[in-house]
Every structure is written in C-alpha cells, then in structure tokens.
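Residue strings, one per chain:
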Amino acid sequence: MPDLYAVIGNPIAHSKSPTIHTLFAQQTHQHMQYYALLSPLDNFRGTVSEFLGQNGKGLNVTVPFKLEAYQLATQLTERASIAQAVNTLRFDNDAIFGDNTDGVGLVKDIEINLGIPITHQRILLIGAGGAAQGVILPLLQKQPALLAIANRTSDKAHALQQKFSVYGDVVAGDIMNFSDQDFHIVINATSASLQGELPELPGKIFTHTILAYDMMYGREPTPFLHLAKYSGAQQQADGIGMLVEQAAESFFLWRNVRPQTQPVIALLKSHTPSPLTP
Ligand code: NDP
C-alpha cells in the first residue's frame, strides 16, 4: 500500500496540492498517494481522526483550518508556534508534529526563483490574516530594513506588530499611513484578489518598487498586479511559486527528500486554469 497524504480544507476541490505532490512523488520515486480531503467546517478533528484510521501519514492544511491544526499538534516548530497557524501535519506514532511552511515558501520564491534579496529592503505586507501571520517571522529572519504591515482593520496589523517587534523592525497601520513612503517589495497577503477585488492602495506606493507580489494566483494577473504594473513596479509575481515551494518543504518534512520545484512551477504556470486554494 502507498503511504497516504492529503490536503484538508473547505472548499478543497480546486486545490493544486494533489497535482504538485503527485509530481514530486514521481520525480523522487516515492511510493505515496496524495489527495484532496474535504472536511465539514465543524468537524476538522473528526475528519483528521478518520484519515488517521486509514493509516494516513501527513496532511497539508488550508483555509479555514490552520488554527485548528495548530491546536491539534502536540509538537510544533518554532515558526508554527509563533505564527499560531499550521499548514503541515505529520503523524509520528502517537505524536502530531505541526509546522508552517508558508513563510519559507514565500521567501524561497522571492529570493531564489525571482532572484530578489530581502535583506536590507523595505517591505510592505498588506493583510493581517492567516497567510500574513505565517510569513512575518521568515521575512524578518532575512533582516529587511523595515517590515510595514498594513491592514483594512488596522487593529489586527497593530496586534501583529506587537507580537513580532521582538524579531525585527516592524511598523503597522492603515495603508494610508504609508502612502508617502517607498517600498522595495510590496506583498499582497489579503484575500481581496479571491473576489477579483483590489485592497485600498495608493498607486504611488509602487514608484520605487522592485517587486509586487500577490500570494493569490490564477489565469489572469490580479487587479493588484495590474495596478502595480501600471504604477511603476519593476516586476510582478503571483503566488504560484510560493505554493510549490511551501509544498516542497512539507514534502521534505514527510519524506526527507527534496523535490525539484522549478519543473513543477513551470508546468503549473503553463496550465493554471483558475484561482485556487493551496
Ligand atoms: P484570511 O481570511 O485569514 O485573511 C484575509 C485578509 O485579507 C485580512 O487581512 C482581511 O482584512 C483582508 N481582506 C479581505 N478582503 C479585503 C478587501 N476587499 N480589501 C482589503 N483587505 C481585504 O485569509 P488568508 O490570510 O488565509 O489568505 C490570504 C490570501 O493568501 C488568499 O488569497 C490565499 O489564497 C493566499 N494564500 C496563498 C498561499 C500560497 O501558497 N500562494 C498560501 C496561503 C494563502 P480584514 O482583517 O480587514 O478583514
């Protein structure tokens, strides 16, 4: 029997994770099966128990269960513990090991795939939800000159500032607080693009931007990436590379083998049919 893995979420039908992990398994000759697992919104723990009953070895966790996965884990990495969100579970006998690979996925995509160093850059992170929370520590570990967190509900941005200031230079507020400042890297970690919307954003923020990055991905550039392009950002990228890189980190945690991400990113970019969840 192949070892069983899955991505658990709600909704989940459009997830690209089964494609990504199946490609990784083929590439690295791993005897495993990976599928999409829909959990009722009110029964995450029950769905995980059933998966364990089938001798499941590990799960990726996506919206809206990352906090519940964090609560379920009995052992956590530092980055998952600080983010208070888990996107990867590994079942080790009686222990449930939880990690958050979103941040390292983003950092690898920006620095390795896109070739843009984070160190000493001024970064604007828009959004303060689960995705933003998961990437702050890995971004700060790269020692940017500044990390500004802007959110529609500015209280949430301030709460993240308080939590993460101990790890680096963090400021927070409403996006308009930053409208006269320059940022080298602007990251959209809001879910606005999922609805085809644009977070409130002054176009002049992109005047000196090297990279505008939208964690969302899809067939067409998002409204955020459109605005960035026409407002002067030198380069624009969507979140497909982050998705594949975070998956590769999960794969490594489970199988102790590092798959090659470039061919998978290239394949997905040539086939991306619609906006999807991780
Ligand atoms: P959450 O629901 O946890 O957070 C949503 C965030 O978006 C909040 O900060 C919210 O602000 C903000 N927001 C929503 N709509 C708007 C709007 N119209 N204008 C301004 N701000 C808005 O979502 P996640 O953090 O889990 O996900 C965010 C995005 O990241 C999604 O698009 C998701 O697909 C993507 N993602 C991509 C990954 C990848 O690998 N590429 C991995 C993980 C996530 P407020 O607090 O005011 O409500």
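What counts as what
- Residues numbered from 1 in each chain as written.
- Predicted model: local features only at pLDDT ≥ 70, side-chain atom pairs only at ≥ 80, totals over all residues.
- Heavy atoms only, no water.
- Near = heavy atom within 4 Å.
- Polar contact = N/O pair within 3.5 Å; in protein donor to acceptor, adjacent residues only side chain to side chain.
- Helix = DSSP H or I, 4+ residues; strand = E, 2+ residues; numbered from the N terminus.
- Nonpolar A, V, L, I, M, F, W, Y, C, P; charged D, E, K, R; others polar.
- Domains from an automatic or database assignment.
- Contact = heavy atoms within 4.5 Å.
- Buried area = accessible area lost by both parts, 1.4 Å probe.
- Salt bridge = Lys/Arg side-chain N within 4 Å of Asp/Glu carboxyl O.
- Buried < 20%, exposed > 50% of the residue type's maximum accessible area, 1.4 Å probe, protein only.
- Pairing = 2+ DSSP bridges.
- Axes fitted to C-alpha atoms, helices over the stretch in contact; angles between N-to-C directions.
- Parallel < 35°, antiparallel > 145°, perpendicular 65-115°, else oblique.
- Left-handed = near helix turned anticlockwise from the far one by under 90°.
- Phe/Tyr/Trp six-rings, centres within 6.5 Å; stacked < 30°, edge-to-face > 60°.
- Lys NZ or Arg CZ within 6 Å of the ring centre and 35° of its normal.
- Arc of directions from axis to C-beta.

### Considering the site of the ligand
Thought 1: Lining the immediate surroundings of the ligand are 26 residues, of which Ala131, Asn151, Arg152, Thr153 and Lys156 lie closest.
Thought 2: Glycine 130 places a polar main-chain atom, nitrogen or oxygen, 3.0 Å from an oxygen atom of the ligand.
Thought 3: Here glycine 239 contributes a backbone N or O atom positioned 3.0 Å from a nitrogen atom of the ligand.
Thought 4: Only α6 (130-140) and α9 (240-255) provide two or more residues apiece to the shell around the ligand.
Thought 5: By residue class, the composition of the shell around the ligand is 13 nonpolar, eight polar and five charged.

### Quick notes on the domain arrangement of the protein chain
Thought 1: Segmenting the protein chain into domains produces domain 1 (3-100) and domain 2 (103-239).
Thought 2: Distance between the C-alpha centres of domain 1 and domain 2: 26 Å.
Thought 3: Listed as interface residues are seven residues of domain 1 and, on the opposing side, ten residues of domain 2.
Thought 4: Taking both partners together, domain 1 and domain 2 bury about 730 Å²; carbon and sulfur atoms supply 58% of that area.
Thought 5: For domain 1, the biggest contributors to the area lost against domain 2 are Arg79, Ile82 and Ala83; these three give 58% of the whole.
Thought 6: Seen at the junction of domain 1 and domain 2, the total is zero salt bridges.
Thought 7: At the junction of domain 1 with domain 2, the criterion picks out three residue pairs in polar contact (both at pLDDT 80 or more).
Thought 8: Along the lines of polarity and charge, the residues of the side of domain 1 that touches domain 2 split into two nonpolar, two polar and three charged.

### Some thoughts on the pairing of strand β3 (residues 56-61)
Thought 1: Burial of β3 is extensive: five of the six residues sit out of reach of the surface.
Thought 2: For strand β1 (residues 3-9) and β3, the ladder comprises five bridges, and the chain directions are parallel. Paired with leucine 4 across the two strands is glycine 56, which belongs to β3.
Thought 3: Examined bridge by bridge, β3 and strand β5 (residues 88-92) share three bridges and lie antiparallel to one another.

### Digging into the side chain of asparagine 100
Thought 1: Relative to the helices and strands, asparagine 100 resides in the loop between β6 (95-99) and α5 (102-113).
Thought 2: Here asparagine 100 is in contact with Thr77, Arg79, Ala80, Ala83, Ala85, Val86, Asn87 and Gly134, once residues within four sequence places are set aside.

### Examining the sheet that holds strand β2 (residues 32-38)
Thought 1: The mixed open sheet is built from six strands, whose spatial order is β2-β1-β3-β5-β6-β4. In this open sheet, the two edge strands, each paired with only one partner strand, are β2 and β4 (75-76).
Thought 2: Where α9 meets the sheet, it contacts β1, β2, β3, β5 and β6, and its direction lies at approximately 5° from that of β5.

### Description of the packing of α5 against α6
A pair of packed helices is characterised by two quantities: the angle between their axes and the separation of those axes.
Thought 1: Between α5 and α6, the shortest axis-to-axis distance is 7 Å and the interhelical angle comes to 55°. Considering the angle they form, α5 stands oblique to α6. Note that α5 runs across α6; the crossing there is right-handed. Judged by residue contacts, Asp102, Gly103, Val104, Leu106 and Val107 of α5 engage Gly134, Val135, Pro138 and Leu139 from α6.
Thought 2: Here the contact of α5 with α6 is built from residues that sort into six nonpolar, two polar and one charged.

### Thoughts on the pattern of salt bridges
Thought 1: Per the counting criterion, the structure on display carries seven salt bridges.
Thought 2: Because the salt bridges share partners, they merge into one network encompassing Lys108, Glu249 and Arg258.

### Some thoughts on the packing of aromatic side chains
Thought 1: Summed over all chains, the structure comprises nine aromatic pairs.
Thought 2: Aromatic pair tyrosine 5 and tryptophan 254: ring centres 4.7 Å apart, planes at 35°, arrangement tilted. Here tryptophan 254 lies in helix α9 and tyrosine 5 lies in strand β1, a separation of 249 residues in the sequence.
Thought 3: Through successive ring pairs, a cluster of aromatic residues spans Tyr5, Tyr34 and Trp254.
Thought 4: Lying across the ring of phenylalanine 183, arginine 122 places its NZ or CZ 5.1 Å from the centre.

### Overview of helix α10 (residues 262-271)
Thought 1: Among the residues of α10, Val264, Ile265 and Leu268 are the ones counted as buried. Down the axis of α10, the buried side of the element spans an arc of 100°, and every buried residue falls inside it. Facing away from the buried side of α10, by more than 90 degrees, are the exposed residues Lys269 and Ser270.
Thought 2: For α10, the secondary structure elements touched by its buried residues are α1 (17-28), α5 and α9.

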